[in-house]
Amino acid sequence: MKRRESQETVPYGEIDTTAILDRKPLGDVVLEVHGLTHWFGDVCVLDGVDLTMREGEVVGLIGPGGVGKSVFVKLCCGLLVPDAGEIHILGKDLLALDDKERQELRTRVGLVFQNYALFDFMTVGDNVAFPMRQRGQASEAEIAAKVQERLSEVDLPKVQHLMPNELSGGMKKRVGLARANINDPEFIFFDDPTAGLDPVTSSKIFNLVRRTQEQRNSTCLVISHDIDRMRPVCDRYVLLYDARVRFQGTEQDAMASSDPIVHEFFRAGMVGRA
Amino acid sequence: MKLLAMIGRTCLGAAETVGGITIVFARILRAMFPPRFDRDETWLNLYKVGVKSYPIVIMTAMFTGAIMVIQSGQYVKQTGATGLLGWGAGYAVLAEIGPVLIGLMFSGRVGANNTAELGTMKVTEQLDALRALAIDPINHLVVPRFLSMMVMLLLLTALGDLFALIGGALTSELILEVDYRVFFHGVFEGHLLDEYFTGLCKAASFGASISVISCFYGLNVSGGATGVGRAVNQCVVTSAIGIFVWDYLITYLAN
C-alpha cells in the first residue's frame, strides 16, 4: 500500500491515481436508507432505494442525468420529504425529528450544491462565516480565523472581500466546499461538485474532497458522472438506474459484473483514463 | 361541463392561495413568540424598505394632497366655503386616499421586489442552502421582512399624510389663492384625529398583508426566471386585492 507523503505533493489539477487512501478503518453505520421512494406528480423518481454507509466511507453515487441522484441527497438532508421509506443519519431517524432536532442535525451535516447556492448578497467571507455566525457560539475573531483557514484549505485565501458573481465556476465550487465545512460536519454530501468544470479544475475539486475526508475522517457521498476522476476518492460506487439501485460495489466488482448496463456505464465513465 | 371544471379549478386555486398565505402567516407568528428572528436582518430590511422608499412616498403624497385640493377647488370657489377646503382634503387624504395610494405604491415597489428576491433565492437553491446550513428561512428572511414592512408602511404613511397636507396647503395658496393658514385651520378644527388613526391602522394592516403575500409568492416560485416573473405579477395583483379587502373591513369597523 503506497502512502502519500504530503497533501501538497499533488500538483494543481493532477489526479493522484496511484494513491490509495490511508484511511482509518470504517466505523459504525452513519447512513441507513431503506425503501426510499419519492414521486414528483406522476413520475416516480426513486423507487425503494436502499443504501448503507459507514463512518469515514466515501461513496460515489452515479447514474444517468435526471435519475434522481440530487433528489436522493436532498431527501437525506431533509430538504425534501419522501413519500415512503426510512432515513437514519448519524444515529437519528430523520423523518421522526421535530424542527429543532432537525436543525441540530443539520449542523453536523454538510452539503455542497451542484449550482453553488452561494448567497449572492454577501461577500465570499460572509458566505463562509454565515453558518458559524448564525450559531452564535463563537467570537468574531474566532470566526474570522476559521473562515481564513477554510478558504486557505481550498486555495482561496485572498477572495474574502469578493462577491460571488466575481468568481469563476470552479472558485464558487471551492467556496461552497469551504462553507459546507465551516462547522466541521461529520457527513458531507457533494452534489456533482465538478459539473460544468474543466478537467483540471475537476481534478482539483476531487483532490479537495479527498483532503477534506482525510483531515476530518468525515463520511462523504459524492455525486458525479466523472468516474475516472472519482477513482482515487471513492471506496465504492452506487449506480442509480431507472429509479432503483442497479449496482453497489467497488470498481472491480463493476468490471466483473455481468450486467451490461453496469459494464457500459463504468466503461463510458473511464474513457479518459488512457 | 368545461365551465364547471373551470370554476372548480379557479376555486381550488383561490383556496390553495389563501391556505398558503395563512400558513406563511401562522409560521411568522410562531417565529415571533418567543422571538427567534434575525435582528441584523431586520435592521437591514428596515433601512431597505423604509429609508429607500421615502422619496417616492413623499412625492406621491404631495401630489395626492394637491389633487384633492384641485378637485374640490371649483366647488369651494362657487360656494365660498374656503374653510371646508382643509377639512375636505384632510378627511379624504388621512382616512382613505393616503394609506391606499401609499399602500399600492409600496406593494409595487417593495412587495414586488421582495417576491423577486425570495423567488430568485428559491430557484438558485439559496433557500435550500439556508436550510441545509441549519438556518430557518422563516426566521432569517421572512419575519424580518414582515416586521419591516408593517412598521415602515405605518411610518411612511404618517410621513406621507404630513406631506399630503403640505401639498394641499401649497396648492390652495398658489392656485386657489386660499391662505394656507385657512387650510390648516380647516384641518385642525375638523377633528380628524380618528381618521388619522384609522388611516394608520389601515397602513399597518396593508404592510402586514403585502409582506405575507409577497413572501408567500416568493417562497413558492417554481420554473426559473419565468416563474419569478409570474410570481411578481401575482404578488402585485393579490396585494392590491388584499389592500382593498382590508380597507373595506377597517372602514366598516371604524364606522
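Look a little higher up for the structure.
Residues numbered from 1 in each chain as written. Chains lettered and ligands numbered in written order. Predicted model: local features only at pLDDT ≥ 70, side-chain atom pairs only at ≥ 80, totals over all residues. Heavy atoms only, no water.

### Comments concerning the side chain of T171 of chain B
Consideration 1: Here T171 of chain B lies in helix 6 (residues 137-174).
Consideration 2: When its relative accessible area of 8% is taken as the criterion, T171 of chain B is described as buried. (Helix = DSSP H or I, 4+ residues; strand = E, 2+ residues; numbered from the N terminus. Buried < 20%, exposed > 50% of the residue type's maximum accessible area, 1.4 Å probe, protein only.)

### Details of a nonpolar patch on the surface
Consideration 1: A cluster of nonpolar residues, V237, I241, V245, W246, Y248, L249, Y252 and L253 of chain B, forms a patch on the protein surface that exposes about 890 Å² of accessible area.
Consideration 2: In this fold, L249 of chain B is placed in helix 9 (residues 224-254). (Patch = residues over 30% accessible without salt bridge, like charges linked within 9 Å, V, L, I, M, F, W, Y side chains within 5 Å. Areas by Shrake-Rupley, 256 points an atom, 1.4 Å probe, with all protein chains shown as cover. Salt bridge = Lys/Arg side-chain N within 4 Å of Asp/Glu carboxyl O.)

### Considering the environment of T123 of chain A
Consideration 1: With respect to the secondary-structure elements, T123 of chain A resides in the loop between strand 6 (109-112) and helix 3 (124-135).
Consideration 2: The spacing of T123 of chain A and M163 of chain A is 40 residues in sequence and 4.5 Å in space, taken between C-alpha atoms.

### Some thoughts on the nonpolar core
Consideration 1: The biggest cluster of nonpolar side chains holds 71 residues, and the ones touching the most others in it are L31, L46, F72, I89, F187, F189 and L221 of chain A.
Consideration 2: Of the residues forming this core, the biggest block, 7 residues, is contributed by helix 8 (residues 193-219) of chain B.
Consideration 3: Contacts of L31 of chain A, omitting those with residues within four sequence positions, involve L51, T52, M53, C76, I87, H88, I89 and F187 of chain A.
Consideration 4: In this structure, V147, V175, L197 and A254 of chain A belong to the second largest nonpolar core, which totals 41 residues. (Core = buried A, V, L, I, M, F, W, Y, C linked by side-chain atoms within 4.5 Å. Contact = heavy atoms within 4.5 Å.)

### Side note on the sheet that holds strand 2 (residues 43-54) of chain A
Residues and elements named next belong to chain A.
Consideration 1: Read from one edge to the other, the open sheet built from 4 strands follows the order 2-1-4-5, with strand pairing classed as antiparallel. In this open sheet, the two edge strands, each paired with only one partner strand, are strand 2 and strand 5 (92-93).
Consideration 2: Bridge analysis of strand 1 (residues 29-40) against strand 2 gives 8 bridges, and the strand direction is antiparallel. Bridged to V33 within strand 2 is L51.
Consideration 3: Along the sheet face, helix 1 (residues 69-76) touches strand 1, strand 2 and strand 4 (84-89) and points at about 120° away from the line of strand 1. (Pairing = 2+ DSSP bridges. Axes fitted to C-alpha atoms, helices over the stretch in contact; angles between N-to-C directions.)

### Details of the sheet that holds strand 6 of chain A
Residue and element names in this part refer to chain A.
Consideration 1: Strand order in the open sheet formed by 6 strands is 6-7-8-3-9-10, with mixed pairing between adjacent strands. Each end of this open sheet is capped by a strand with a single partner; those strands are strand 6 and strand 10 (244-249). With direction set aside, neighbouring strand axes in the sheet form an average angle of 15°.
Consideration 2: When strand 6 meets strand 7 (residues 187-190), the two strands line up parallel, connected through 4 bridges. Considered in strand 7, the bridge of V109 is made with F187.
Consideration 3: Helix 1 contacts strand 3 (58-62), strand 6, strand 7, strand 8 (219-223) and strand 9 (236-241) of the sheet and is inclined by roughly 150° relative to strand 8.

### With respect to the interface of chain B and chain A
Consideration 1: Residue-level contacts link 16 residues of chain B with 20 residues of chain A.
Consideration 2: Buried area between chain B and chain A, summed over both chains or domains, comes out near 1600 Å², and the portion from carbon and sulfur atoms is 57%.
Consideration 3: Summed over the shared surface of chain B and chain A, the number is 3 salt bridges.
Consideration 4: We note a salt bridge from K74 of chain A to E125 of chain B, for which the minimum N-O separation is 2.6 Å.
Consideration 5: Along the contact surface separating chain B from chain A lie 8 residue pairs in polar contact (both at pLDDT 80 or more). (Buried area = accessible area lost by both parts, 1.4 Å probe. Polar contact = N/O pair within 3.5 Å; in protein donor to acceptor, adjacent residues only side chain to side chain.)

### Some remarks on the packing of aromatic side chains
Consideration 1: This structure, assessed with the given rule, holds 12 aromatic pairs over all chains.
Consideration 2: Aromatic pair F25 of chain B and F146 of chain B: ring centres 6.1 Å apart, planes at 55°, arrangement tilted. Within this pair, whereas F25 of chain B is found in helix 1 (residues 2-32), its partner F146 of chain B is found in helix 6, the two being separated by 121 residues in sequence.
Consideration 3: When the ring of F216 of chain B is compared with that of Y217 of chain B, the centres are 5.1 Å apart and the planes differ by 65°; the resulting orientation is edge-to-face.
Consideration 4: Of the residues examined, F216 of chain B reaches a relative accessible area of 10% and is grouped as buried.
Consideration 5: Assessed through its relative accessible area of 10%, Y217 of chain B is described here as buried.
Consideration 6: A network of ring pairs unites the aromatic residues F119, F121 and F130 of chain A as a single cluster. (Phe/Tyr/Trp six-rings, centres within 6.5 Å; stacked < 30°, edge-to-face > 60°.)

### Concerning the layout of surface pockets
Consideration 1: Computed from the structure, the second largest pocket encloses a volume of approximately 490 Å³.
Consideration 2: Across the lining of the second largest pocket, the residue classes break down as 12 nonpolar, 6 polar and no charged. (1 Å grid on protein atoms, 1.4 Å probe; cavity = no way out; pocket = protein on both sides within 12 Å on 5 of 7 lines; lining within 4 Å. Points joined across faces, edges and corners; volume = space filled by probe spheres on them. Nonpolar A, V, L, I, M, F, W, Y, C, P; charged D, E, K, R; others polar.)

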